[in-house]
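Residue-level listing of the chains:
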2 protein chains.
Amino acid sequence: MKPSNPKGTRDFSPSEMARRNHIFDTCKRTFQKYGYQPIETPAAEKRETLTGKYGGEGDKLIFNVLDSGDYLSALPENVDRNDFKSLTKAISGKALRYDLTVPFARYVVQHQNEITFPFKRFQIQPVWRADRPQKGRYREFYQCDVDVIGSRSLLNEVELLLVINEVFSTLGLGNISVSINNRKVLAGVAEEFGIADQFVDMVTALDKWDKIGEEGVKGELEKRGISAEVVSNILKYAATTDLGVLGELLGNDLAAKGIEELNAVMQPLADLNISNVKYDPTLARGIDYYTGIIIEVKVDNFPGSICAGGRYDDLTGLFGLKDVSGVGVSFGADRIYDVLEQENAFPADISATTQLMLVNFGEAEASYGLGLVSRLRGSGIHAELYPDASKMKKQMSYADSKSIPFVGMAGSEEMAAGKITLKNMSSGEQQSVTEVELLDILKAHQ
Amino acid sequence: MKPSNPKGTRDFSPSEMARRNHIFDTCKRTFQKYGYQPIETPAAEKRETLTGKYGGEGDKLIFNVLDSGDYLSALPENVDRNDFKSLTKAISGKALRYDLTVPFARYVVQHQNEITFPFKRFQIQPVWRADRPQKGRYREFYQCDVDVIGSRSLLNEVELLLVINEVFSTLGLGNISVSINNRKVLAGVAEEFGIADQFVDMVTALDKWDKIGEEGVKGELEKRGISAEVVSNILKYAATTDLGVLGELLGNDLAAKGIEELNAVMQPLADLNISNVKYDPTLARGIDYYTGIIIEVKVDNFPGSICAGGRYDDLTGLFGLKDVSGVGVSFGADRIYDVLEQENAFPADISATTQLMLVNFGEAEASYGLGLVSRLRGSGIHAELYPDASKMKKQMSYADSKSIPFVGMAGSEEMAAGKITLKNMSSGEQQSVTEVELLDILKAHQ
């Protein structure tokens, strides 16, 4: 039987790794430039840390880890061995993390006395979900989160929007559009039109705007029993993209506060000549814990968002630490990968390979060649000597498959003359060079 | 209840991350310089991929992942619900990887048609073991493996020994000692002295030499029923550190082949003036799959090895692909971390922090400051603006706790004069500078 990896998971080959690392390294470098610092948490959390945090449907998608040893021997009497929920609770004390947000909240509460707030952290690690595998959806995938916790200043939102712009422009994606809204404005809309108790219904319907359009949202709202007059008012709100006009439409304090916050974020961006961040009244972000500004990034001609997040006021409250406000965004590495592929935006020279492969002609030549590549490496050149004295064709095809740009040949004649025959693999051109010239050529191509 | 991470696992804070990344980045850069390329495999493998590969004791330490959904509903009749082994097999199709070696073998067999051999790969990922947690032993820890598979050339062993030297000298650990031996020589010893059927007993005893010394090994060998004469011969072998003399002691072909291989590795190292690799007849490496050269790296004044590995001839045979020889070593990141701490060998400026924090004096100053840090970032400077207009003491202590080297102050007076007051946090010195001067100072300190 041919071995395989579990469904919904992936192996990453060297060329895929090079592309993924291009994305992660760009994120990391940018985050650090802005003062965010890395943390990591364990793959498995205690089961009780995760359960109940993602709603009933989310809980079902958590992968539980079986306790080691004979987990049945010490099973309490009251466990129903025929009920999988009761049994799971008894035999599985740990579960694989479902996202990076809840482990981060746990981390902050657990280490609150060691942390200097505001705490600017980023975290790039895999998460696991028992989703049904399908195109673009995996059971193991990386999240790439950047958050600041312990500061209510809207400068944090501004900084995150700058981070977003810098990450995507560094990745060569100039054509992104960034939408922002404020959950306070959405709550103000519900209050203004007397449907505060149907806030979740409204948000859920609005959240689908991108997919089903105005008519679809109208239908969704009506289906949820919202009156025609209120639906009409909501649609009027959704058509209002000017924050000044919006202030006239919504008179309550909550909406006013939300609009004030949006202006406080938009103004500094305008001062910095950043024009791709737009207020979008239909942006809603279904996730429960957002309480302020929400953010979503899209790219032309590609469905779904590639980065999203927002302000939350009580994430650590889950673990007993109240009144710690935070804001963060998550970069969707897999989607960004697909966009960069589609746009042909990965750099051509991205694969992490050596600059020179030296052909192996046999024992004496290999001994000489080992000294040569060692000296090159000493000068910072990435170089390798083919390990076996295989046929030339096999050695050349190795260099070719690894996209190594130069192949060096030092046979007995070259050794005697103190020369190396250097082949440029893209032009096919060959020249005879001294070791000093070789080093110069390779340095020039670094 | 205060939340916590599962026992045997760890959270990594920003300062720990900076130190760990220093180790991993040094490994990665060196591996790539020598032509090794990264791969990654999923955290969970199919259970059958892992079970039976680590011996009975190893199997017990594998963490199994519960199937999602109602795993009891479809349980076959023949499963004994009261036997944990029978039940585990039925309700857990996946398990967390125990090492990187078996997943690598699975990867090579699965992707054999996409891989160009020899395949030089490295892999840095966590593994999980249900060991009893204790000082220095964790249930989740990173392995850092580098292997070449599909080449029998001993140049690969030589290259790995060069990689080892470069990694540790780059990390500032000059005082390592590298031992090598050959399992063929050990097999030759057992054959020579007529105890081929007790090869494993002999290897297991010799493997303890470092801990229990010559007398201890003698006792271990005798306890295993090996005759006094043979024990005396084995000890004579163990005292012979000259490969020429060893050749006279061991006349059989297997030992001769092993000695020839050792010479073929030692000679090129001598040619390259590498003097810290020594032949050690007592090095045995208990792991079953080694069949040729074995390698172990130690550092003065620190127990145990910090890097080890060897040649294996049939790793992929586990998954049906025969005759693929490979050789590799594994760097013990946690131990290396402890050694660098003990030796005070982490660079002082290692923490990934910004170079400048700008004090936040209020709305107008923050707006000006945001422009300033944006321009600095545009010039490649890592800089941050404190998000809140908090008390000076709080802002300074934030910069201090993050070890940010410079703090900038631009209040209304400075803004009017086009100046920034710059404080050097280590000397305490303050000076008034223009933005151009500020950039020069920060660039000079990069």
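Each remark here, short or long, concerns the structure printed above.
Just so we're clear, the structure is a prediction, and the values are computed from it rather than from any experiment. (Residues numbered from 1 in each chain as written. Chains lettered and ligands numbered in written order. Predicted model: local features only at pLDDT ≥ 70, side-chain atom pairs only at ≥ 80, totals over all residues. Heavy atoms only, no water.)

Caption draft 1: Expanded view of the pattern of salt bridges. What the rule picks out here adds up to 46 salt bridges over all chains. For Lys223(B), the salt bridge is made with Glu220(B), and the minimal N-O distance between the two is 3.5 Å. Here Glu220(B) and Lys223(B) lie together in helix H9 (residues 209-223), a separation of three residues that amounts to about one turn. Residue class for Glu220(B) comes out buried when judged on its relative accessible area of 12%. In this structure, a network of salt bridges that share partners links the residues Asp201(A), Lys208(A), Glu220(A), Lys223(A) and Arg224(A). (Salt bridge = Lys/Arg side-chain N within 4 Å of Asp/Glu carboxyl O. Helix = DSSP H or I, 4+ residues; strand = E, 2+ residues; numbered from the N terminus. Buried < 20%, exposed > 50% of the residue type's maximum accessible area, 1.4 Å probe, protein only.)

Caption draft 2: Looking closely at helix H12 (residues 253-271) of chain A. All names here are of chain A. The terminal C-alpha atoms of H12, which comprises 19 residues, lie 27 Å apart, in line with the 27 Å expected from a rise of 1.5 Å per residue. When we look at burial in H12, the residues that qualify are Ala255, Gly258, Ile259, Glu261, Leu262, Val265, Pro268 and Leu269. Sitting at the head of H12, Asn252 places a side-chain oxygen 3.3 Å from the backbone nitrogen of Leu254. One or two positions beyond H12, positive phi appears at Asn273, with a value near 60°. (Expected span 1.5 Å × (residues − 1). Polar contact = N/O pair within 3.5 Å; in protein donor to acceptor, adjacent residues only side chain to side chain.)

Caption draft 3: Highlighting the environment of Phe12(B). Here Phe12(B) is to be found in the segment before helix H1 (14-33). Taking the C-alpha atoms as reference, Phe12(B) lies 40 Å from Met266(B); in sequence the two are 254 residues apart. If we skip the residues at most four places from it in the chain, Phe12(B) touches Ile39(A), Glu40(A), Tyr107(A), Met17(B) and Arg20(B). (Contact = heavy atoms within 4.5 Å.)

Caption draft 4: Focus on the state of the cysteines. Residues and elements named next belong to chain B. In this structure the tally under the stated criterion is zero disulfides over all chains. With no disulfide of its own, Cys144 lies 3.8 Å from the sulfur of Cys27, the closest cysteine sulfur. Judged by relative accessible area, which is 1%, Cys144 ranks as buried. (Disulfide = S-S within 2.5 Å.)

Caption draft 5: Layout of the interface of chain B and chain A. Facing the 96 residues of chain B at the interface are 97 residues of chain A. Between chain B and chain A the total buried area reaches about 8,300 Å² when both faces are included, carbon and sulfur atoms providing 58% of it. Run the count over chain B and chain A and you get six salt bridges. The closest approach of N and O atoms between Glu384(B) and Lys120(A), which form a salt bridge, is 3.2 Å. Counting across the interface, chain B meets chain A through 40 residue pairs in polar contact (both at pLDDT 80 or more). For the side of chain B that touches chain A, the leading source of residues is helix H14 (residues 363-378) of chain B, giving six residues. Split by residue class, the side of chain B that touches chain A holds 43 nonpolar, 30 polar and 23 charged. (Buried area = accessible area lost by both parts, 1.4 Å probe. Nonpolar A, V, L, I, M, F, W, Y, C, P; charged D, E, K, R; others polar.)

Caption draft 6: Here's a closer look at the packing of helix H6 (residues 155-170) of chain B against helix H12 (residues 253-271) of chain B. Residue and element names in this part refer to chain B. Viewed as axis vectors pointing N to C, H6 and H12 meet at an angle of 45°, and their least axial separation amounts to 9 Å. With respect to their mutual orientation, H6 and H12 come out oblique. For the element pair H6 and H12, the recorded crossing hand is right-handed. Here Glu157, Val158, Leu161 and Leu162 of H6 come into contact with H12, specifically with Ala264, Val265, Pro268 and Leu269. (Axes fitted to C-alpha atoms, helices over the stretch in contact; angles between N-to-C directions. Parallel < 35°, antiparallel > 145°, perpendicular 65-115°, else oblique. Left-handed = near helix turned anticlockwise from the far one by under 90°.)

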